[in-house]
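Structure assessment
Here are the chains, one letter per residue:
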Amino acid sequence: MSIIPSVAMTHAGKFHADDVFSAALLRILNPNIRFERVLSVPEDFDGIVFDIGWGKFDHHQSGAPVRENGVPYAAFGLLWKEFGSELLGEEADSFDEHFIQPLDLEDNTGCGHPLACAISAFNPCWDSDEDPNENFLKAVDVAFAILSRKIEEVNGIRRAGTLVNNAVKQMQDKIVILERFAPWKQFVIQSDAEFVVSPSHRGGFSAQGVPLTLQDNTLRLPFPKEWAGKPADELQKLTGIATLRFCHNNRFLISADTLQDAVDACKLTQKLSHI
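All figures in this text were calculated on a predicted structure; none of them were measured in a lab.

**Observations concerning the packing of aromatic side chains**
One pass over the structure, following the stated rule, counts eleven aromatic pairs. Ring centres of Phe195 and Phe223 lie 5.0 Å apart, and the angle between their planes is 35 degrees; on these two criteria the pair is classed as tilted. Taken together, the residues Phe195 in strand β5 (residues 195-199) and Phe223 in the loop between β6 (205-209) and α7 (232-239) connect sequence positions 28 residues apart. The same class applies to Phe195 as to Phe223, namely buried. On the numbers, 6.2 Å between centres and 20 degrees between planes, the contact of Phe223 with Trp227 is stacked. There is no split in this pair, since Phe223 and Trp227 are both buried. Three or more aromatic residues link up through ring pairs in this structure, and these residues are Phe21, Phe76, Trp80, Phe95 and Phe99. Sitting over the ring of Phe144, Arg27 keeps its end group 5.7 Å from the ring centre. Stacked on the ring of Tyr73, the Lys or Arg Arg67 has its end atom at 4.0 Å from the ring centre.

**Points about the layout of surface pockets**
Here the largest pocket defines a volume of roughly 670 Å³. Along the walls of the largest pocket sit 18 residues, with Ser94, His98, Val154, Ile157 and Gln186 positioned nearest its centre. Those elements that place two or more of their residues in the lining of the largest pocket are α3 (92-109), α5 (132-169) and α6 (185-188). Broken down by element, the residue count for the lining of the largest pocket peaks at five residues, all from α5. A per-class count over the lining of the largest pocket returns eight nonpolar, five polar and five charged.

**Section: helix α8 (residues 259-273)**
With 15 residues, α8 extends 22 Å from end C-alpha to end C-alpha; this agrees with the ideal 21 Å at 1.5 Å per step. Taken together, the buried residues of α8 touch β4 (175-177), β5, β6, β7 (244-247) and β8 (253-256).

**Some points on the side chain of Asn135**
Tracing the backbone through its elements, the reader meets Asn135 in helix α5. Judged by its relative accessible area of 5%, Asn135 is buried. Ignoring anything within four residues of it in the chain, the contact list for Asn135 reads Phe15, Phe122, Asn123, Pro124 and Glu130.

**Brief notes about the nonpolar core**
Counting 39 residues, the largest nonpolar core has Phe21, Leu26, Trp80, Phe95, Phe99 and Leu147 as its most contacted members. Of all the secondary-structure elements, those providing two or more residues to this core are α1 (17-29), α2 (75-88), α3, α4 (114-120) and α5. Considering each element in turn, this core owes the most residues, eight residues, to α1. Excluding anything up to four places from it in sequence, Phe99 contacts Phe21, Phe76, Leu115, Ile146, Leu147 and Lys150. By size, the runner-up hydrophobic cluster in this structure holds 17 residues, among which are Ile254, Ala262, Val263 and Ala265.

About the thresholds
- Every residue gets a number counted from 1 within its own chain, in the order that chain's sequence is written.
- Where totals are concerned, whole chains, interfaces and linings use all residues; where local detail is concerned, this predicted model gives features only for residues with pLDDT of at least 70, and gives and counts side-chain atom pairs only at 80 or more.
- Only heavy atoms go into the side-chain values, all of them from the structure, while hydrogens and water stay out.
- Working definition: rings of Phe, Tyr and Trp (its six-membered ring) pair if their centres are within 6.5 Å, and the pair is stacked with planes under 30 degrees apart, edge-to-face with planes over 60 apart, and tilted otherwise.
- Each helix corresponds to a stretch of at least 4 residues labelled H or I by DSSP, and each strand to a stretch of at least 2 residues labelled E; elements are numbered beginning at the N terminus.
- Any residue under 20% of the maximum accessible area for its type is buried, any over 50% is exposed, and the rest in between are partly exposed; the area is computed with a 1.4 Å probe on protein chains only.
- We call a charge positioned above a ring when the Lys NZ or Arg CZ atom is no farther than 6 Å from the ring centre and deviates by at most 35 degrees from the ring normal.
- Only protein atoms enter the 1 Å grid, on which a cavity is a set of points fitting a 1.4 Å probe that cannot get out and a pocket is an open set with protein on both sides within 12 Å along at least 5 of 7 lines, lining residues being those with an atom within 4 Å of a point.
- Grid points are joined across faces, edges and corners, and a volume is the space filled by probe spheres set on the points.
- Polarity classes work like this: nonpolar for Ala, Val, Leu, Ile, Met, Phe, Trp, Tyr, Cys and Pro, charged for Asp, Glu, Lys and Arg, and polar for all others, with Gly in that last group.
- A helix's residues, less one, multiplied by 1.5 Å, set its expected span.
- Residue contacts are defined here by distance: any two heavy atoms, one from each residue, within 4.5 Å place the two residues in contact.
- Working definition of a nonpolar core: buried Ala, Val, Leu, Ile, Met, Phe, Trp, Tyr and Cys residues. They are joined through side-chain atoms within 4.5 Å.

As structure tokens, this is what we get:
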């Protein structure tokens, strides 16, 4: 892990998602880091500087770096490029694409990203006597919580890979059964599975249809349209499955009280699709 200095410096005045999330990232890397906000960087400053000063982690200078796909870097992206792999390994580039690039683009173009707008709302109102530096730290607290959870989410998906891949190997009748719920799409989608069954957070078991791709939510085999949105008693009469109690209107999800009934709902759907 890189050694992050104990003091970091960024620009004073109005803050944006770029400098706020940059600070949040540095706090993840060094929980004891302290931030100073200035109008110019002293020549003798001994620490890390971002979003000011035209250095390694600034992007306001002529010839500032741009990604190969044309998205310009902001400070957040430059810091992530340097340190992101320490937090997410080979997933760092994907995280940059999906989470960081939209914020970098917002900072460089003002395109109106909702998260950036929410962070900007922490700036004091024009007639407020609030301390901008205190509000900056409040915004960093929020960004830190979001960024930490997003990083943990990606690491959680990576940890799920072993469990899900083992379940895919044991799949029968194109139905994958998980012993506990885990993020599964990016692993199952590489197989020919049509359904994934797992314990439900709400009790009992659920079954979900597998989409065609990660980008296309069209299901390989949706549950029957006659089931969609029906109450439990109607579902049970229609199917003969004793504990089937829910089918989502969009036909991607069913729930039942027992594992066997959830599996039977998937098998019945397969059978009906061939009639």
